[in-house]
Amino acid sequence: MVYIVKLLFFLFLFQLIACKSAIEEKNYILATTGMLYDITKNITDSTFKVDYLMGEGVDPHLYKFSQRDLQKLNKSTFIVTNGLHLEGKMNFVFEKLSRNKIVISVGDSVEKNKLIKSGGNLHDPHIWFDLDIWESCILVVSNNLQKQYPDRKYIIQNKTTNYISEVRKLKQITKKMLESIPTSNRVLITTHDAFQYFGKANKIEVKALQGISTASEFGIKDVNELVDFIIKRKIKALFVETTLSSKFLEAVQEGVRSKGAKVVLVEGLYADAMGELGTKEGTFLGMYESNVRKIVENLK
Ligand SMILES: [Zn+2]
């Protein structure tokens, strides 16, 4: 039975990739992550139907597409991806779909010298945490949309200008908030290594138990090293991402406690996914500000 289901699934996928679908909708745009959905939704008008694949609490590194996603991919004419291997398990699908549909990868458009290397030829994909880089990604989505939908060009241009001005305001506000953290406390520790761009942009040292991807492994040695670092640097708080379990950092907290020190565990940091749609944290601006507020409250 499982074999038949799998076979049908791959036949459907093959059909999707092999031919331009009859149910494709001209103004249906699909974004992979919430952050890309937020850009696309904010710079288009109501003549577009903007959708996304990965919602609240979904880890993009380990994401596997479902039957429902195939229907969304089938309907779309324009797909916005992060690239840089963030959507690791879906790369081959996007590659094949780009034969028939417009598939853009904002990460691939960023100048290489602005990207953070993550070993070999790979780069850290968490580019939305550098607001200057993210601004260039907004323009990439906007320019491609204007090219594809020339009749909506001026509306997209105007909305892009407004969205970028909101992002610039956010940058100013959060920079000021972060300045209140004393130099010795400027260390952000999370489960996986998603905040290197954030750290670089805001002069905050960043440490994590896992690597750039949540698929990377770690061992007892990594836990012990982090425990020693926390004690030596008198770190006050550890931050758990909303897409991940708290059990790994709980082990670190326990290690610190067993050596007679104390560190607080703060949950609810938005790393690879926004909050629930319809709430403030379900927007890119709200998610970013919520993170900064949490970091400032617990580190200053
Ligand atoms: Zn990540």
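Bear in mind the structure is a predicted one, so any value in this text is a computation, not a measurement.

Cut-offs and rules
Residues numbered from 1 in each chain as written. Predicted model: local features only at pLDDT ≥ 70, side-chain atom pairs only at ≥ 80, totals over all residues. Heavy atoms only, no water. Helix = DSSP H or I, 4+ residues; strand = E, 2+ residues; numbered from the N terminus. Rg over C-alpha atoms; globule rule 2.2 N^0.38 Å. Buried < 20%, exposed > 50% of the residue type's maximum accessible area, 1.4 Å probe, protein only. Contact = heavy atoms within 4.5 Å. Areas by Shrake-Rupley, 256 points an atom, 1.4 Å probe, with all protein chains shown as cover. Lys, Arg positive; Asp, Glu negative; His and termini not counted. Charge placed at Lys NZ, Arg CZ, Asp CG, Glu CD. Donors = N, O, S within 2.8 Å, 3.2 Å for Na, K, Ca; no water. Tetrahedral: all angles 85-135°; square planar, octahedral: opposite > 155°, others 65-115°. Expected span 1.5 Å × (residues − 1). Polar contact = N/O pair within 3.5 Å; in protein donor to acceptor, adjacent residues only side chain to side chain. Salt bridge = Lys/Arg side-chain N within 4 Å of Asp/Glu carboxyl O.

Draft legend 1. Here's a closer look at the overall build of the chain. Looking only at helices and strands, one finds 11 helices and 8 strands in the chain. Its C-alpha atoms give the chain a radius of gyration of 20 Å, near enough to 19 Å, the size a compact globule of 300 residues would have. Counting over 300 residues, the chain shows a buried share of 51%. The long-range share in the chain, meaning contacts at least 24 apart out of those at least 6 apart in sequence, stands at 69%. Per element, the accessible surface of the chain, about 14700 Å² overall, is 54% carbon and sulfur. With 42 positive and 34 negative side-chain charges, the chain shows a separation of 2 Å between the mean positions of the two kinds.

Draft legend 2. Quick peek at the coordination of the zinc ion. Every protein donor of the zinc ion is accounted for by His 61 (NE2), His 126 (NE2), His 192 (NE2) and Asp 272 (OD), and the metal-donor separations fall at 2.0 to 2.1 Å. One can describe the donor arrangement at the zinc ion as tetrahedral, given that its 4 donor atoms subtend angles of 93 to 133° at the metal.

Draft legend 3. Examining the side chain of Thr 33 more closely. Along the chain, the position of Thr 33 falls in the loop between β1 (28–31) and α2 (34–43). The contacts of Thr 33, once residues within four sequence positions are left out, are Tyr 52, Met 54 and Leu 86.

Draft legend 4. Fine view of helix α6 (residues 131–148). With 18 residues, α6 should cover 26 Å at 1.5 Å per step; its first-to-last C-alpha distance of 26 Å lies within 8% of that length. Those residues of α6 not exposed but buried are Leu 131, Ile 133, Trp 134, Glu 135, Cys 137, Ile 138, Val 140, Val 141, Ser 142, Leu 145 and Gln 146. Of the residues that open α6, the one with a side-chain oxygen 2.9 Å from the backbone nitrogen of Asp 132 is Asp 130.

Draft legend 5. Fine view of the pattern of salt bridges. Inspection of every chain in the model, using the stated rule, returns 13 salt bridges. Salt-bridge contacts for Arg 152 lead to Asp 45; the nearest nitrogen and oxygen are separated by 2.4 Å. One end of the pair, Arg 152, is in the loop between α6 and α7 (153–178); the other, Asp 45, is in the loop between α2 and β2 (49–52), with 107 residues separating them in the sequence. With a shortest N-O distance of 3.4 Å, Glu 166 and Lys 169 are connected by a salt bridge.

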